[in-house]
Amino acid sequence: MTEPTHDPADWADFCREAQEQLLAQWSRLAPGAAGSPALGLTREQQEAAQRLHQLQTDYTVQQARLTALWSQVVAEALKDLGERVSERLRDGQAVAPGRPTYDLWIECAEEQFARAAHSTDYAKAQADLANTAARLRIEQRRAVEVLSRQLDLPTRAELDTVHRRIKALTAQLRALEDQLPPARKPARKAARTRRPARP
Amino acid sequence: MNEPGPDLQAALREVLELNRKLAEGLPTLQAAGAVEVGCSDKDAVFRDDKVTLYRYRPIAPSAGVAPLLIAYALVNRPYMMDLQQDRSLIRRLLEQGIDIYLIDWGYPDGADRFLDLDDYINGFMHRCLQHVLDTHGIASTHLLGVCQGGTFSLCYAALHPARVRSLVTMVTPVDFQTPENLLSKWARHLDVDALVDSTGNVPGELLNAAFVSLMPFRLLQQKYVNLIDTLQEPRQVENFMRMEKWIFDSPDQAGAAFRQFVRWFFQENRLVNGSVELGGRRVDLRRITQPVLNIYGRHDHLVPPSASIPLARHVGTRDYTALEMDVGHIGMYVSGKSQKQLPEALATWLKKRDQAGKKRSQPCRPESARKST
């Protein structure tokens with residue numbers, strides 16, 4: 001891998017190369033660990049553990065992919081900042097240190113970020129990471145639910161069933177209420193308060 | 001040791017100056033910690049589960065028009081419309097003699113995860129509006145939808161046109177898939193089922209993170225660096241803290257409603273395709289034939305103008321007005337420009353349409369009066 005110099009342009013190449021190497025390493029490791037077939041009495045548990053492992057691996061790979069895109073944004077922004085400062089110096093303009101340069105940096109960074117963020121690559125990398133994080137959470141909760149059921153503790157799935165039933169009952173109750181004459185409908189007038197309560 | 005060059009000296013002086021401002025301003029920042037939000041007096045007049053309907057107390061003689069019901073977004077809190085005395089669209093409208101009601105959707109918790117868009121629009125919103133109609137003995141009233149609340153209001157007005165005398169949409173996304181809409185580009189690749197299945201309700205913090213990451217350098221860095229310059233001004237610090245509170249005071253989103261909103265609107269752009277279905281009925285924007293005022297911000301980065309402007313092509317009304325304001329999304333509620341121009345323009349528009357609306361809709365007399373005739 002090429003060592004970057006002080007030229008910000010080199011950093012973009014450096015980050016790209018680092019990212020490619022990292023992705024290649026992870027993709028070599030992942031199939032070996034999660035690909036073996038599950039057998040025997042505990043095959044379901046083995047499969048669950050393999051799924052967890054695969055998702056954790058995917059998560060790390062996707063995090064690296066997004067980090068690399070971010071590094072690229074920062075490198076491009078630095079390059080842009082360098083060019084703008086050089087241009088001003090060439091035109092004989094003063095480049096004040098501190099806040100004006102900081103504000104210029106923010107401008108460069110936001111412009112480069114917007115360029116990257118609107119690309120399909122970025123949107124996909126970000127979404128892939130979020131999607132894998134969500135699937136990982138679902139898998140983790142599934143593991144906790146297995147344990148909870150063994151201990152006869154309430155689970156999320158059980159609560160969801162209760163909430164669904166309550167919702168259906170509420171809808172039925174409302175439909176019945178709607179058939180009542182106005183005078184017999186339950187009042188939903190609120191007590192006078194100035195501000196809503198926060199949980 | 002060599003003397004540092006003039007640039008380095010200037011930079012060091014600036015760092016020292018920044019430090020001084022920070023040290024001297026810290027007490028102001030600490031004093032501003034617990035800011036009050038919401039400045040106008042209001043009464044809770046109707047409650048439905050966690051949803052509260054408020055009616056604002058008048059501060060000026062009535063303009064004699066039907067009430068204006070405000071439906072805010074589910075994300076963030078509606079007090080942005082009435083943040084403080086000099087930054088309150090609601091207060092400015094009250095000064096114009098408008099009778100204002102506001103739907104506060106509340107803070108959903110885990111037991112609300114199965115509330116869907118039908119529950120919000122045909123349920124809560126419908127019952128709040130019905131309460132307004134019953135209270136005033138009228139058949140229709142004015143509806144103002146803000147941001148996502150504007151999208152809800154469009155759906156509502158299309159499904160229940162006779163109840164909406166006129167419709168005002170403010171910073172409202174209609175076409176969710178225009179090239180400038182960054183949030184939509186990001187949302188399109190999201191596995192919303194996995195997200196909602198993993199979180200139940202979608203945490204407000206997650207949405208906050210998404211919103212600030214639209215402009216991460218400005219919203220996570222520069223804004224706080226700029227704050228240091230204002231630390232000597234208690235009023236400005238208080239304004240900043242109020243805004244900060246609003247930005248991060250984000251209710252969790254009921255899972256089922258979030259799932260539908262992302263899929264139907266962001267991913268499938270159903271509102272303009274005419275394929276949103278609520279309570280078994282299709283939302284057809286052409287059924288909106290009452291007057292429509294569409295207000296959007298020229299510099300809105302959350303709901304870009306290109307997302308709002310297409311409304312003109314989709315509604316059935318012949319009385320359509322677009323009002324472009326020279327502000328961003330948040331500036332629409334709190335900027336000086338907006339405070340000066342918007343309430344008067346809105347009140348004037350409402351007053352004109354109220355008369356026409358009265359003629360169109362039959363007055364709805366109370367039940368007892370109807371029986372006696």
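About the thresholds
Residues numbered from 1 in each chain as written. Chains lettered and ligands numbered in written order. Predicted model: local features only at pLDDT ≥ 70, side-chain atom pairs only at ≥ 80, totals over all residues. Heavy atoms only, no water. Contact = heavy atoms within 4.5 Å. Buried area = accessible area lost by both parts, 1.4 Å probe. Salt bridge = Lys/Arg side-chain N within 4 Å of Asp/Glu carboxyl O. Polar contact = N/O pair within 3.5 Å; in protein donor to acceptor, adjacent residues only side chain to side chain. Helix = DSSP H or I, 4+ residues; strand = E, 2+ residues; numbered from the N terminus. Nonpolar A, V, L, I, M, F, W, Y, C, P; charged D, E, K, R; others polar. Phe/Tyr/Trp six-rings, centres within 6.5 Å; stacked < 30°, edge-to-face > 60°. Buried < 20%, exposed > 50% of the residue type's maximum accessible area, 1.4 Å probe, protein only. Lys NZ or Arg CZ within 6 Å of the ring centre and 35° of its normal. Axes fitted to C-alpha atoms, helices over the stretch in contact; angles between N-to-C directions. Parallel < 35°, antiparallel > 145°, perpendicular 65-115°, else oblique. Core = buried A, V, L, I, M, F, W, Y, C linked by side-chain atoms within 4.5 Å. pLDDT = per-residue confidence, 0-100. Pairing = 2+ DSSP bridges. Expected span 1.5 Å × (residues − 1). Bend = angle between axes of the 7 residues up to and from the residue. Left-handed = near helix turned anticlockwise from the far one by under 90°. Patch = residues over 30% accessible without salt bridge, like charges linked within 9 Å, V, L, I, M, F, W, Y side chains within 5 Å. Areas by Shrake-Rupley, 256 points an atom, 1.4 Å probe, with all protein chains shown as cover.

*Asks:* What is the right way to look at the interface of chain B and chain A in this model?
*Replies:* Quoted interface sizes are often the accessible area lost when the parts come together. If you look at the interface, chain B gives 58 residues, while chain A gives 48 residues. When chain B packs against chain A, the two sides together hide about 4400 Å² of surface, and 53% of this comes from carbon and sulfur. Broken down residue by residue, the surface that chain B buries against chain A is led by Phe114, His189 and Phe217 of chain B, which jointly contribute 17%. Counting the contacts that link chain B with chain A gives six salt bridges. Asp48 of chain B serves as the salt-bridge partner of Arg174 of chain A, at 2.6 Å between the closest nitrogen and oxygen. The interface formed by chain B and chain A contains 19 residue pairs in polar contact (both at pLDDT 80 or more). Elements supplying a minimum of two residues to the side of chain B that touches chain A: α1 (6-31), β1 (42-48), α3 (117-136), α5 (182-187), α6 (192-199) and α8 (216-230) of chain B. The residue inventory of the side of chain B that touches chain A, partitioned by class, reads 24 nonpolar, eleven polar and 23 charged.

*Asks:* Please explain the packing of aromatic side chains as it appears in this structure.
*Replies:* The geometry of an aromatic ring pair is captured by the separation of the ring centres together with the interplanar angle, meaning the angle of the planes. Residues and elements named next belong to chain B. For the structure shown, the criterion picks out 19 aromatic pairs over all chains. Taking 6.1 Å as the distance between ring centres and 75° as the angle between the ring planes, the aromatic pair formed by Trp105 and Phe152 counts as edge-to-face. Taken together, the residues Trp105 in the loop between β4 (100-104) and α3 and Phe152 in helix α4 (residues 148-159) connect sequence positions 47 residues apart. On the accessibility criterion, Trp105 (5% relative accessible area) is buried. Judged by relative accessible area, Phe152 falls into the buried class, the value being 1%. Among the aromatic side chains, those forming a connected cluster through ring pairs are Trp105, Tyr120, Phe124, Phe152, Phe176, Phe261, Phe265 and Phe266. For the cation-ring pair, Lys42 lies above Tyr54, with the distance from its terminal atom to the ring centre recorded as 4.9 Å.

*Asks:* Help me out: how do you make sense of the packing of α3 of chain B against helix α10 (residues 255-267) of chain B in this one?
*Replies:* Two measures define how a pair of helices packs: the angle their axes make with one another and the distance between the axes. Residues and elements named next belong to chain B. Two numbers describe how α3 lies on α10: the axes approach to 7 Å, and their chain directions differ by 100°. It follows from the interaxial angle that α3 and α10 lie roughly perpendicular. Mapping the contact onto sequence places Leu117, Asp118 and Tyr120 in α3 and Ala257, Gln260, Phe261, Trp264 and Phe265 in α10. Partitioned by chemical class, the residues of the contact of α3 with α10 number six nonpolar, one polar and one charged.

*Asks:* Teacher, can you tell me more about the pattern of salt bridges here?
*Replies:* Think of it this way: side chains of opposite charge can pair up when their charged atoms draw near. Residue and element names in this part refer to chain B. Under the definition given, this model contains 41 salt bridges over all chains. With a closest N to O distance of 2.8 Å, Asp193 and Arg259 form a salt bridge. With a gap of 66 residues between them, Asp193 in helix α6 and Arg259 in helix α10 connect regions that are remote in the sequence. In this structure, Asp326 engages Arg298 in a salt bridge whose closest nitrogen and oxygen atoms are separated by 3.4 Å. Placement of the pair is Asp326 in the loop between β10 (320-325) and α14 (331-334) and Arg298 in the loop between β9 (292-297) and α12 (305-308), with a sequence separation of 28 residues.

*Asks:* When you look at the nonpolar core in this model, what are you seeing that I'm missing?
*Replies:* Residue and element names in this part refer to chain B. Formed by 123 residues in total, the largest nonpolar core has its most connected members in Val146, Met170 and Tyr333. In terms of residues, this core owes the most to one element, α3, which gives nine residues. Counting residues in each nonpolar core, the second largest holds seven residues, with Ala32, Leu227, Leu231 and Phe240 among its members.

*Asks:* I would appreciate a short explanation of the confidence of the model for chain A in the present structure.
*Replies:* The predicted coordinates of low-pLDDT regions are not to be read in fine detail. Residue and element names in this part refer to chain A. Across chain A, pLDDT averages 85, with 81% of residues at or above 70. The element-level mean pLDDT for chain A is lowest in helix α1 (residues 8-34), coming to 66, with helix α4 (residues 120-150) highest at 96. In the model, residues 192-197 has pLDDT below 50 throughout and makes 23 contacts with residues more than four positions away in sequence or in other chains.

*Asks:* Honestly, the environment of Arg174 of chain A in this entry has me stumped. Any pointers?
*Replies:* By the secondary structure assignment, Arg174 of chain A is in helix α5 (residues 156-178). With eleven residues separating them in the primary sequence, Arg174 of chain A and Lys185 of chain A have C-alpha atoms 10.0 Å apart.

*Asks:* It is not clear to me how the sheet that holds strand β6 (residues 164-170) of chain B should be interpreted in this structure. Could you clarify?
*Replies:* Through backbone hydrogen bonds, the strands of a sheet pair up, either in parallel or in antiparallel fashion. Residues and elements named next belong to chain B. Pairing is mixed across the open sheet formed by eight strands, whose spatial order is β1-β2-β4-β3-β5-β6-β9-β10. At either margin of the open sheet sits one strand with a lone partner, and together these are β1 and β10. Across this sheet, the average inter-strand angle for adjacent strands is 20°, counted without regard to direction. In the sheet, β6 pairs with β9 via four bridges, with the strands oriented parallel. Bridge pairing links Leu167 to Val292 in β9.

*Asks:* Please explain the side chain of Arg165 of chain B as it appears in this structure.
*Replies:* Among the secondary structure elements, Arg165 of chain B is positioned in strand β6. A polar side-chain atom of Arg165 of chain B sits 3.1 Å from a polar atom in the side chain of Ser140 of chain B.

*Asks:* I would appreciate a short explanation of the confidence of the model for chain B in the present structure.
*Replies:* The share of residues in chain B with pLDDT of 70 or more is 94%, and the mean pLDDT across the chain is 91. Counted against residues more than four places away or in other chains, residues 363-373 of chain B, with its pLDDT under 50, gives seven contacts.

*Asks:* Just checking my understanding: could you explain α8 of chain B for this structure?
*Replies:* Each α-helix turn comprises 3.6 residues. Residues three or four places apart therefore point the same way. All names here are of chain B. Spanning 15 residues, α8 covers 21 Å between terminal C-alpha atoms, matching the ideal 21 Å at 1.5 Å per step. Remark: the principal bend of α8, roughly 40°, maps to Gln222. Taken together, the buried positions of α8 are occupied by Pro216, Phe217, Gln222, Lys223, Leu227, Ile228 and Thr230.

*Asks:* Would you explain the packing of α6 of chain B against α10 of chain B in this entry?
*Replies:* All names here are of chain B. Packing of α6 against α10 brings their axes to within 10 Å, and their N-to-C directions diverge by 165°. In terms of their interaxial angle, α6 and α10 are classed as roughly antiparallel. Note that α6 runs across α10; the crossing there is right-handed. Side by side, α6 and α10 meet where Val192, Asp193, Leu195, Val196 and Asp197 of the first sit next to Gly255, Phe258, Arg259, Val262, Arg263 and Gln267 of the second. Within the contact of α6 with α10, the residues separate by chemical class into five nonpolar, two polar and four charged.

*Asks:* Sorry if this is basic, but what is going on with a nonpolar patch on the surface here?
*Replies:* Taken together, Leu147, Leu151 and Leu153 of chain A make up a surface patch of nonpolar side chains, about 300 Å² in accessible area. Mapped onto the elements, Leu147 of chain A comes out in helix α4.

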